[in-house]
Amino acid sequence: MDSPLLRIDGLTKAYPGVIANDQVSFDIGRGEIHALLGENGAGKSTLVKMIYGLVKPDTGTMTLDDKPFAPTKPSEARSNGVAMVFQHFSLFDALSVAENVALGMETPPALRDLARQIRDVSEAYGLPLDPSRTVGTLSAGERQRVEIIRCLLQDPRLLIMDEPTSVLTPQEVDILFETLHKLQAEGTSILYISHKLEEIRTLCDHATILRLGKNVGTCTPRETTARAMAELMVGSSFASPVARDTEKGAVLLEARALSLPAPGAFGTPLRDISFSVQAGEVLGLGGVAGNGQDELLDTLTGERSAPKGTLFLKGHDISQTGPVYRRNEGLLTGPEERLGHAAAPNMSLTENAVLTAAQRKGLMANGFISWPKARSFAEEVIAQFDVRTPGASTAARALSGGNLQKFVVGREIAQAPDVLVLNQPTWGVDAAAAAFIRQAILDVAARGGAVVVISQDLDELMEVSDRFGALNEGRLSKIRPVAELNIEQIGLMMGGAEDMEDAHA
Ligand SMILES: Nc1ncnc2c1ncn2[C@@H]1O[C@H](COP(=O)(O)OP(=O)(O)OP(=O)(O)O)[C@@H](O)[C@H]1O
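Residues numbered from 1 in each chain as written. Predicted model: local features only at pLDDT ≥ 70, side-chain atom pairs only at ≥ 80, totals over all residues. Heavy atoms only, no water.

Participant: What is the right way to read the sheet that holds strand E1 (residues 6–15) from this model?
Facilitator: Whether parallel or antiparallel, the strands of a sheet pair through hydrogen bonds between backbone atoms. Ordered in space as E2-E1-E4-E5, the four strands form an open sheet in which the pairing is antiparallel. This sheet does not close on itself; its edge strands, each paired only once, are strand E2 (18–28) and strand E5 (67–68). As paired strands, E1 and strand E4 (residues 59–64) are joined by five bridges and run antiparallel to one another. Bridging from a neighbouring strand, aspartate 9 pairs with threonine 61 of E4. Contacts between helix H1 (residues 44–51) and the sheet are confined to E1, E2 and E4, with E1 contributing the most and set at about 120 degrees to the helix. (Pairing = 2+ DSSP bridges. Helix = DSSP H or I, 4+ residues; strand = E, 2+ residues; numbered from the N terminus. Contact = heavy atoms within 4.5 Å. Axes fitted to C-alpha atoms, helices over the stretch in contact; angles between N-to-C directions.)

What follows is the structure, given as structure tokens:
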């Protein structure tokens, strides 16, 4: 039998208070698509960072192509044929595709030659992309293609992908999987991190499961159910969210013909958006990223003000009020970007709790912060939402992505909002934690709150929403009860073509 492409042997990496990887060993075969699974904080990112030369293991070894492999920086990993597509893209909006690709290369060729190479790779692997386009005008899926093509130009033997489908439409996912199969057929190995277990079942040959930093088992995804994989990750079974049949009450949040110009050269204008959400109700807003979701959220939080008479909270015009006023009145929000927007990376969880909960939870007295109260509120969120961290004094940036997400969503829900607006509430969150967050959303509604969930995860929206609308180029489709919708209609609504469907009806 062929020796594996990469052998990982006893890798260990400890951070203060936590062993992120504990004696992890496994092999990645040649031409194999290998999934790396694990709940939030299990140690997946730490492991791939060691393979990519971003983090140095405390102990353990790696062998690539039968030779010792211990990269001390990413360029060393790249020159050995290891490439990585990160969850967050590092692209410059104002530059073209080709210019962005050139920036990531050690010795870039002339721009014209590079453009030709990009075209060739993009055709060969079925990833349509025009090298002269300005990156700021690209969709999230197209931006990801820039990153993938950047990797493919290096002719990688191992391609690492960290949650690549969270920004893609179902159609874009199909295109990506075709590309990955093509690479596999050419002998490239792929290490694939994802929380989307059904996708893993379609795509991956083998899976390694990490729990609390240890390799706790392997499985063949095609022969294992998604639920069984989730339970392997968690080490126990977990409950699926259940909606209560909630009595609907007064309209708590309403948008009336809300229009706003795009906030910058690459933003999306909001065009004539109207919706209302009642007490006890969850409104789901779907759509491909970049169709006005962030702009709508910023307008609802009060970070941008809206024209008079377009936004109402419990019947009062809040169009021109700021974030603090809205929070005090019971409208709480959770933006998509957890580091930087929802949480300050270098501040502790206690300090981050104060950022949005100071007034509502009475954490201030006479203009001073009460630190004991702030700490106990942060600890309450940590306990209630099972945030895995050594404690409330840990800096936000030291948490794994999913655990920080649980903290920022939990921080808002624990303040008992009257109206809760969340953008991508379970982004990067493992199956068990996602079920927990969705249940918490349903509980807010059951308590008489009104909830708006903006998400690209259609399954999520179908699970939690009473009614559904889709954003397309800053326009909101007609809003419909979820119980009446099928996936085809949702696709049409997301594409902005629902009228066509009406015409056929
Ligand atoms: N720079 C760091 N400093 C301190 N602790 C860290 C650091 N990076 C990671 N950790 C800790 O190591 C553990 C493993 O984190 P890691 O990011 O590898 O998990 P993950 O499986 O990728 O999680 P997720 O699915 O949430 O992204 C976590 O407990 C995390 O808090």
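What follows continues from the structure just given.
Participant: Would you mind showing me how to read the packing of aromatic side chains here?
Facilitator: If you walk through the whole model with that rule in mind, you get three aromatic pairs. The interplanar angle of 75 degrees and the centroid separation of 6.4 Å between the aromatic rings of phenylalanine 177 and tyrosine 192 together place this pair among those described as edge-to-face. Taken together, the residues span a long stretch of sequence, with phenylalanine 177 in helix H6 (residues 170–185) and tyrosine 192 in strand E8 (residues 189–193) at a distance of 15 residues. Residues phenylalanine 177 and tyrosine 192 agree in their burial class; the two are buried. An angle of 85 degrees between the planes, with centres 5.4 Å apart, marks the rings of phenylalanine 385 and phenylalanine 436 as edge-to-face. Pair noted here: phenylalanine 385 is in the loop between helix H12 (371–384) and helix H13 (401–413) and phenylalanine 436 is in helix H14 (residues 431–446), with a separation of 51 residues, a long-range link. On the accessibility criterion, phenylalanine 385 (2% relative accessible area) is buried. When its relative accessible area of 39% is taken as the criterion, phenylalanine 436 is described as partly exposed. A cation over a ring is seen here: arginine 256 above phenylalanine 312, with NZ or CZ 3.9 Å from the ring centre. (Phe/Tyr/Trp six-rings, centres within 6.5 Å; stacked < 30°, edge-to-face > 60°. Buried < 20%, exposed > 50% of the residue type's maximum accessible area, 1.4 Å probe, protein only. Lys NZ or Arg CZ within 6 Å of the ring centre and 35° of its normal.)

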